Amino acid sequence: MKSVHDYYGELVFTKKVMEQHLSKSIYKKLVATIDNLEPLDQSIASEVAHAMKEWALENGATHFTHWFQPQRGGTAQKHDSFIDYGDGGEIIERFSASQLVQSEPDASSFPSGGIRSTFEARGYTAWDPTSPVFLIEAGKTKTLVVPSVFLSWTGEVLDLKTPLLRSLTILNEKVISLQKLLGNKNAKRTKVFAGIEQEYFLLSKDLVAARPDITVTGRTLFGNKPAKGQQMEDHYFGHIKENILEFMEDVDHELYRKGIPVKTRHNEVAPNQFELAPLYQEANLAIDNNLQTMEILRKVADKHNMVVVLHEKPFAGVNGSGKHFNWSIGDNTGANYFEPSKSPIKNISFLLAVSAVLFGVKKFGGILRASVADAGNDHRLGANEAPPAIMSVYLGEYINDLLNSIEKASVINEKEVNEITLGVQNLPKISKDYSDRNRTSPVAFTGNKFEFRAMGSSANPSEVGTALNFIVAYGFDEIYKRIKAKKGDADVKKKALEVVKEIISETRDIRFEKNGYSEEWHKEAANRGLPNARNTPEALKLFLNKDVIKAFSDFNILNERELEAKIEIKLESYIKTKEIEYKYAVKVVDSLILPAVLKQINVLAKTSKNLSKLNIKSEVFTKDIEALVKLYEDIRKYCFELGEFISAKHGNLSTTSDKFASEGVEILANLRSKVDEAEDVVSDEFWPMASYQKLLNAF
């Protein structure tokens, strides 16, 4: 048995590998770019590219690709071989600086939200040196992968990584400016860390073959709750079955080879539902690694004759899957701004950091909601298994009481500053256990970080990362401006505490410590004026608020045109997703469900006829046949209604998305209820699709 150390990161161009393949001066410059966000010295690109090629060839690679995150979701890649013509016309293997730094994939077929016309095909990928290159395998084939951003020929954003990197840049600027104002000369660079937990379902590949709706839409469009589902609560953290553990071990092995530090694996709440969680990494790398993790889960599952389902709600009436985004801010000194210590400057930094979160959520909580908006997550948010669509912050009893005491203080003087500082000193030892966790809160403080629980399991975490960085950068900027605006000769720490007190008072509305699932909270949130976007179209429109557009532009994350294009792409994606579901529901009903019901009617009718020949009359058969005929008629009616809805012209993009989210959802729900009713009365012999009971108890 090999030790993890023997193969960990073997498919990654790590710093250790860089040091072996690069000269000392080049290595030092590249590491400065990676660790300190210094601009890339273009003069080193040639040697770096050559070193990457040599390492890739040593490991059996034949091709390279720029790997990017288009706004359609998922990732994209175009492979080119290393071969080229030498000076004498002979074939050589080459990977030049220009090939490393930039590539030009055809951009015409990627969604642009109107930024580019279909005949304007030019787009550029550009190397992101802060995320290491790595190798991917397909059988004996290996390819060198270069994490990249994706931009149009005119420079507009066409991907999800560019806004993330921009948000990290602006957050760094705002945090370091505030630290300098507080007198902290050692903080040079902000570090944002993330730990992204991933939930997923594992299903039998053979059974999924009997569920065409899963294959086409990623979820079941029809199906009754199993007699034994999750109600016994025996799956959560339960014994991991041998074949599942073998799958998990293979996943861990592949993740470790990619340098992805997966730490935890366990059974989740629903049958056949599981979770894995990595160690914390810098956010950009953690997000890239999560995108790889989803691909590795699918790849390994296929080898085990299984299917990984990442849809947020693959089964009605059974817990869906999310992705918890654990997030914290630190700096180059090793400080974590969400974990106070005995140092007064760090304790004030803690209070300011929490205040920045509160202010950001108060001002732009709707953007957090919009960052997790898609057709899959609409089934999950607010369903008593995930946080509500209302964005609030849970701090826990200890910190909540601390903030209340600051707010109530009549005057923030030097004595009170010291008392508050002393009061916070024990926080790291107490906060992690002193207050219970609140799983109903979308933004919860969990000891030394915030956990954002509303992200869907299939989502690209870049969007949530961008939103969190943006709103908290806005909070830090507001704090900086207020401290600078305060007159007088008071110590800057005293001014900072005064600003903290102001923000605590102003953001009381978005602090909530109780049950976010309760109907009372929905009523109370409405009274507080908090947005509650109940579906994707409602949520996405929050991006187009004038204050949001201005702040996104001012912070150089997305300009107005890019932001409008983003919303157009997401609305189009929502409509297409729902349209596929609606169309396939009609096809499944017409080709599979109605014929099955007819077979059952036919059997009963023949049985009734045979009984009558024997002079045996049965009202039960008559009633059963009548009920089945009525059920057939109802299914047919709703199926026809859904078909008519799909064919109708609903208006512009906004109107169409609204109707697909309301009328379309309601019609499909009506159709589903009748189909599910039929599943209970039609013989298993005739029923054409694998039941929930079989799907969720296959292992």
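Predicted model, so just to flag it, every value in this text is computed and none were measured.

(A) Main features of the overall build of the chain. The helix and strand inventory of the chain stands at 24 helices and 18 strands. The C-alpha radius of gyration of the chain comes to 28 Å, within 12% of the 27 Å expected for a compact globule of 699 residues. C-alpha atoms of the chain, sized along the principal axes, occupy 105 × 80 × 55 Å. Looking at the chain as a whole, 54% of its 699 residues qualify as buried. A sequence separation of at least 24 residues applies to 75% of the contacts in the chain between residues at least 6 apart. The distance from the centre of the 90 positive side-chain charges to the centre of the 95 negative ones in the chain is 2 Å.

(B) View of the nonpolar core. Phe 325, Trp 327 and Phe 452 are the most contacted members of the largest nonpolar core, which totals 92 residues. Sorting elements by how many residues they give to this core places helix 11 (residues 344-371) first, with 15 residues. Apart from the residues lying within four places of it in its own chain, the contact partners of Phe 325 are Ala 194, Gly 195, Ile 196, Ile 287, Phe 450, Glu 451, Phe 452, Met 455, Pro 461, Val 464, Gly 465 and Leu 468. By size, the runner-up hydrophobic cluster in this structure holds 37 residues, among which are Cys 639, Leu 668, Leu 671 and Phe 686.

(C) How the structure looks around the side chain of Asn 184. You can see Asn 184 is positioned in the loop between helix 6 (161-181) and strand 9 (190-196). Of the polar contacts made by the side chain of Asn 184, one reaches the side chain of Gln 179; its length is 2.8 Å. Here the side chain of Asn 184 touches Ala 187 through a polar contact of 3.4 Å, landing on its backbone nitrogen.

(D) Structural context of the sheet that holds strand 10 (residues 198-204). Across the sheet, which stays open at both edges, the 4 strands sit in the order 11-12-10-14 with antiparallel pairing between neighbours. Sheet topology places strand 11 (262-267) and strand 14 (306-309) at the edges, where each strand pairs with a single neighbour. Neighbour to neighbour, the strand axes of the sheet diverge by 30 degrees on average, direction disregarded. Where strand 10 lies against strand 12 (residues 273-278), 4 bridges are found, and the strand directions are antiparallel. What sits directly across from Gln 198, in strand 12, is Leu 276. Helix-sheet contacts for helix 10 (residues 283-303) involve strand 10, strand 12 and strand 14, and the interaxial angle to strand 14 is about 155 degrees.

(E) Local environment of the packing of helix 22 (residues 619-647) against helix 23 (residues 653-681). At their nearest, the axes of helix 22 and helix 23 sit 9 Å apart, and the two run at 155 degrees to each other. In terms of their interaxial angle, helix 22 and helix 23 are classed as roughly antiparallel. Along this stretch, helix 22 crosses helix 23, giving a crossing that reads as left-handed. Here the residues of the contact of helix 22 with helix 23 are counted per class, giving 14 nonpolar, 2 polar and 6 charged.

(F) How the structure looks around a nonpolar patch on the surface. Where nonpolar side chains cluster on the molecular surface, the patch consists of Ile 83, Tyr 85 and Ile 91 and spans about 350 Å² of accessible area. In this structure, Tyr 85 sits in strand 3 (residues 83-85).

(G) The pattern of salt bridges, seen in detail. For the structure on display, the rule yields 46 salt bridges. Asp 491 is the partner of Lys 493 in a salt bridge, and the nearest nitrogen-oxygen pair spans 3.5 Å. The exposure class of Lys 493 is partly exposed, given its relative accessible area of 26%. According to the relative accessible area criterion, Asp 491 is partly exposed, its value standing at 33%.

(H) Seen up close, the packing of aromatic side chains. For the structure shown, the criterion picks out 29 aromatic pairs. Geometrically, the ring pair formed by Phe 445 and Phe 450 is edge-to-face, given 5.3 Å between the ring centres and 65 degrees between the ring planes. Since its relative accessible area comes to 6%, Phe 445 is described here as buried. Each ring, one from Tyr 582 and one from Phe 660, has its centre 5.6 Å from the other, and the planes form 35 degrees; the classification is tilted. Pair noted here: Tyr 582 is in helix 21 (residues 560-613) and Phe 660 is in helix 23, with a separation of 78 residues, a long-range link. Of the two residues examined, Tyr 582 and Phe 660, each falls in the buried class.

Criteria and thresholds
- Residues numbered from 1 in each chain as written.
- Predicted model: local features only at pLDDT ≥ 70, side-chain atom pairs only at ≥ 80, totals over all residues.
- Heavy atoms only, no water.
- Helix = DSSP H or I, 4+ residues; strand = E, 2+ residues; numbered from the N terminus.
- Rg over C-alpha atoms; globule rule 2.2 N^0.38 Å.
- Buried < 20%, exposed > 50% of the residue type's maximum accessible area, 1.4 Å probe, protein only.
- Contact = heavy atoms within 4.5 Å.
- Lys, Arg positive; Asp, Glu negative; His and termini not counted.
- Charge placed at Lys NZ, Arg CZ, Asp CG, Glu CD.
- Core = buried A, V, L, I, M, F, W, Y, C linked by side-chain atoms within 4.5 Å.
- Polar contact = N/O pair within 3.5 Å; in protein donor to acceptor, adjacent residues only side chain to side chain.
- Pairing = 2+ DSSP bridges.
- Axes fitted to C-alpha atoms, helices over the stretch in contact; angles between N-to-C directions.
- Parallel < 35°, antiparallel > 145°, perpendicular 65-115°, else oblique.
- Left-handed = near helix turned anticlockwise from the far one by under 90°.
- Nonpolar A, V, L, I, M, F, W, Y, C, P; charged D, E, K, R; others polar.
- Patch = residues over 30% accessible without salt bridge, like charges linked within 9 Å, V, L, I, M, F, W, Y side chains within 5 Å.
- Areas by Shrake-Rupley, 256 points an atom, 1.4 Å probe, with all protein chains shown as cover.
- Salt bridge = Lys/Arg side-chain N within 4 Å of Asp/Glu carboxyl O.
- Phe/Tyr/Trp six-rings, centres within 6.5 Å; stacked < 30°, edge-to-face > 60°.

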